[in-house]
Amino acid sequence: TIGASSGLALLLGIALLLVSRTLSLALPLTAFVTLTLGLSAAAWSGALAWGNLPIHLLSGSTLLTVFYFASDPSVAPRTVRGRIFAGLGFGLLELFFRVGCRFSDGFLLSVLVTQGLAFVFDQYLAPPLDVTSSVHMGLSQSSIKKL
């Protein structure tokens, strides 16, 4: 499987997504930093071995889930602030599953919860700015009022 055997292919795919501007980095970087800081704190407290941090962070399943599944533009939050909140939520959920429950493949549950709450992140935590357009069907607001 590509997730278990070819991390380099996944990194090349991530680079391709970045070059083509298909991937927004707000959600994956926030999730990755949250997961890194949480796993470092767990290793510092003794709940996790320091040598396992690169394995946890750079495994194929982590890269595949964070950069491909969680940041899927069709189900991810629309706003940048919503994506940041989703990344924090994803990182904290995954940290809970890895350290609290000792369930190393909790990515599926983390992705499903994060994508299920995308509406909440967009509408309540980080609502989009209410920008009114001055042009409607090629007419300015002043010319619409005259009609």
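The structure we're discussing is the one just above.
Draft legend 1. Summary view of the pattern of salt bridges. Counted according to the given criterion, the structure contains two salt bridges. Across the pair R98 and E94 runs a salt bridge whose closest N-O atoms are separated by 3.0 Å. With R98 and E94 both in helix α6 (residues 80-100) and four residues apart, the pair spans about one turn of that helix. Residue class for R98 comes out buried when judged on its relative accessible area of 8%.

Draft legend 2. A look at the packing of helix α3 (residues 26-45) against helix α5 (residues 60-69). Where α3 meets α5, the axes come as close as 8 Å, and the angle between the chain directions of the two elements is 140°. Taken together, the axis directions place α3 and α5 in an arrangement best described as oblique. Seen from above, α3 lies across α5 with right-handed handedness. Seen from α3, the contacting residues are P28, A31, F32 and L35; seen from α5, they are T62, V66 and F67. Of the residues belonging to the contact of α3 with α5, the class tally is six nonpolar, one polar and no charged.

Draft legend 3. Main features of helix α8 (residues 118-125). Turning to α8, its buried residues number three or more, namely A118, F121 and D122. Down the axis of α8, the buried set is contained in an arc of 90°. They therefore lie on one face. Turned more than 90 degrees away from the buried face of α8 sit F119 and Y124, all of them exposed. Packed against the buried residues of α8 are α6 and α7 (107-116).

Draft legend 4. Highlighting the side chain of T62. Among the structural elements, T62 can be located in helix α5. Assessed through its relative accessible area of 0%, T62 is described here as buried. A distance of 2.7 Å separates a polar atom in the side chain of T62 from the backbone oxygen of H56. Residue contacts for T62: discarding those within four places in its chain leaves F32, L35, H56, L57, R98 and F107.

Draft legend 5. Geometry of the nonpolar core. In terms of nonpolar packing, the biggest core is built from 24 residues, with L39, L48, F67 and F90 touching the most fellow members. Elements with a contribution of two residues or more to this core: α2 (7-19), α3, α4 (53-58), α5, α6 and α7. The biggest single contributor to this core is α3, with seven residues. Excluding its chain neighbours within four sequence positions, the residues that come into contact with L48 are L39, A42, A43, L53 and H56.

Draft legend 6. Highlighting the environment of R83. As for its placement among the helices and strands, R83 is situated in helix α6. Judged by relative accessible area, which is 17%, R83 ranks as buried. Distance from R83 to S24, taken between C-alpha atoms, is 8.9 Å for residues 59 residues apart in sequence. Dropping the residues within four chain positions of it, R83 is found in contact with S24, A26, L27, P77 and R78. Within polar-contact distance, the side chain of R83 engages the backbone oxygen of P77 at 2.8 Å.

Draft legend 7. Structural detail: the packing of α3 against α6. Their axes nearest at 7 Å, the elements α3 and α6 cross at an angle of 35°. Viewed along their axes, α3 and α6 form a crossing whose handedness is right-handed. Where α3 abuts α6, its residues A26, L27, T30, A31, T34, L35, G38, L39 and A42 lie against V80, R83, I84, A86, G87, L88, F90, G91, L92, E94, L95 and V99. For the contact of α3 with α6, the per-class residue count stands at 14 nonpolar, five polar and two charged.

Rules and cut-offs
Residues numbered from 1 in each chain as written. Predicted model: local features only at pLDDT ≥ 70, side-chain atom pairs only at ≥ 80, totals over all residues. Heavy atoms only, no water. Salt bridge = Lys/Arg side-chain N within 4 Å of Asp/Glu carboxyl O. Helix = DSSP H or I, 4+ residues; strand = E, 2+ residues; numbered from the N terminus. Buried < 20%, exposed > 50% of the residue type's maximum accessible area, 1.4 Å probe, protein only. Axes fitted to C-alpha atoms, helices over the stretch in contact; angles between N-to-C directions. Parallel < 35°, antiparallel > 145°, perpendicular 65-115°, else oblique. Left-handed = near helix turned anticlockwise from the far one by under 90°. Contact = heavy atoms within 4.5 Å. Nonpolar A, V, L, I, M, F, W, Y, C, P; charged D, E, K, R; others polar. Arc of directions from axis to C-beta. Polar contact = N/O pair within 3.5 Å; in protein donor to acceptor, adjacent residues only side chain to side chain. Core = buried A, V, L, I, M, F, W, Y, C linked by side-chain atoms within 4.5 Å.

It is worth stressing that arrangement in space is one thing and function is another; only the former is reported here.
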